[in-house]
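Breakdown of the fold
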Amino acid sequence: MARFASVAAALCFTLSPSSGLATQPATQQALVYAPLPLENASLTQARNQPLVDLLARLLQRPLEMRLYPNHAALLDGITSGDVDLAELGPLPFLLARESLPGLQAVATFREADGRTDYRCVLVAPVDGLRALFQIAGREQPPTLALTRKESTCGPTASFWLLVEHGIDPAFVQAAYQGGHDEVALAVLRETFTLGGVKDSVARDFHGLGLRVLAASEPVPGFVLVANTERLDDEEREGLQAALLALTEGEGPLTTLQNGRHGFAAFERGPFERIEAMRALAADWLDQVLY
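This is a predicted model, so every value here is computed, not measured.

Some details on the packing of aromatic side chains
Under the criterion given, the structure shown has 7 aromatic pairs. Judged by centre distance (5.7 Å) and plane angle (80°), the ring pair of F93 and F266 falls under edge-to-face. Of this pair, F93 sits in helix α3 (residues 90-99) while F266 is found in the loop between β14 (263-264) and α8 (271-281), placing the two residues 173 residues apart along the sequence. Residue classification places F93 among the buried positions, given a relative accessible area of 1%. Taking 6.2 Å as the distance between ring centres and 75° as the angle between the ring planes, the aromatic pair formed by F159 and W284 counts as edge-to-face. With a gap of 125 residues between them, F159 in helix α4 (residues 152-164) and W284 in the segment after α8 connect regions that are remote in the sequence.

Considerations on helix α1 (residues 41-59)
With 19 residues, α1 ought to run about 27 Å at 1.5 Å a step, and its terminal C-alpha atoms sit 25 Å apart, in line with that. N48 marks the point of greatest bend in α1, at about 40°, and the proline P50 comes within the next four residues. Residues of α1 that are buried include every one of T44, N48, Q49, P50, L51, V52, D53, L54, L55, A56 and L59, and no others. At the C-terminal side of α1, Q60 shows a positive phi close to 55°.

What to know about the state of the cysteines
For the structure shown, the criterion picks out 1 disulfide. Across the disulfide, C120 is cross-linked to C153 (sulfur-sulfur distance 2.0 Å). Sign of the S-S torsion, about -80° for the bond between C120 and C153, identifies this disulfide as left-handed. Of the two residues, C120 sits in strand β7 (residues 120-125) while C153 sits in helix α4, which places them 33 residues apart along the sequence. Look at C120 and you get buried, because its relative accessible area is 1%. Here C153 falls in the buried class, since its relative accessible area comes to 2%.

What counts and how
Residues numbered from 1 in each chain as written. Predicted model: local features only at pLDDT ≥ 70, side-chain atom pairs only at ≥ 80, totals over all residues. Heavy atoms only, no water. Phe/Tyr/Trp six-rings, centres within 6.5 Å; stacked < 30°, edge-to-face > 60°. Helix = DSSP H or I, 4+ residues; strand = E, 2+ residues; numbered from the N terminus. Buried < 20%, exposed > 50% of the residue type's maximum accessible area, 1.4 Å probe, protein only. Expected span 1.5 Å × (residues − 1). Bend = angle between axes of the 7 residues up to and from the residue. Disulfide = S-S within 2.5 Å.

Okay, structure coming up:
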């Protein structure tokens with residue numbers, strides 16, 4: 001099975017099983033849920049533990065959370081069969097499906113505005129570039145801060161946006177910075193000319209002086225995925241029905257941080273845009289500095 005990184009499984013660690021599982025049979029093997037590695041371990045645990053508790057109640061099975069240090073390690077854990085349920089962005093979902101065809105989407109996480117999609121944007125400081133076409137007149141190559149290689153708004157969407165605006169990505173000096181916040185801060189410090197982030201992050205940092213220069217067409221939202229070797233059709237369909245029946249601001253969703261805006265049915269069609277972006281960006285991935 002293809003590996004996504006040389007990161008060993010030992011780099012991840014397992015947190016205590018959900019506190020709401022005391023009534024579960026002691027002999028029943030716990031399922032493993034892995035959240036997106038977007039924050040430090042304690043914040044990620046706090047953000048996702050209520051969701052783990054809810055999923056355990058809905059499935060009526062023990063569920064424990066396992067944290068991975070980065071996207072590559074998470075994908076490695078999923079494709080090696082160590083993870084049963086996970087939250088994935090659109091590009092990581094496509095990457096994981098290539099090595100684990102039995103990985104199925106259960107539901108899509110809704111954004112704060114209720115939508116099931118978002119946009120990737122290129123940003124610059126307000127006192128920097130005012131438009132992407134200004135890059136053409138520069139003698140020195142512009143610098144581009146990127147999130148992780150496996151992030152949808154990383155090189156995949158950022159290089160797509162450059163090409164859409166007539167800019168050869170080979171002319172740009174790109175480097176990975178980590179999370180979306182790290183990219184935004186690097187641009188605000190003017191360490192980089194440009195940065196590629198999710199639109200909601202650009203809005204969060206707008207008041208500090210971040211300007212959006214270009215935005216992609218909507219890309220699919222984050223998805224809750226399940227390994228079909230561990231969850232059968234009846235369990236997945238039951239879980240999906242239960243999640244889709246939840247209403248924001250009511251009942252179990254009021255206890256959540258991640259997932260508090262509710263869930264929607266998964267749609268395969270919008271992923272075609274991600275596949276096109278990925279195919280185009282592949283030509284320049286090797287030039288990005290780590």
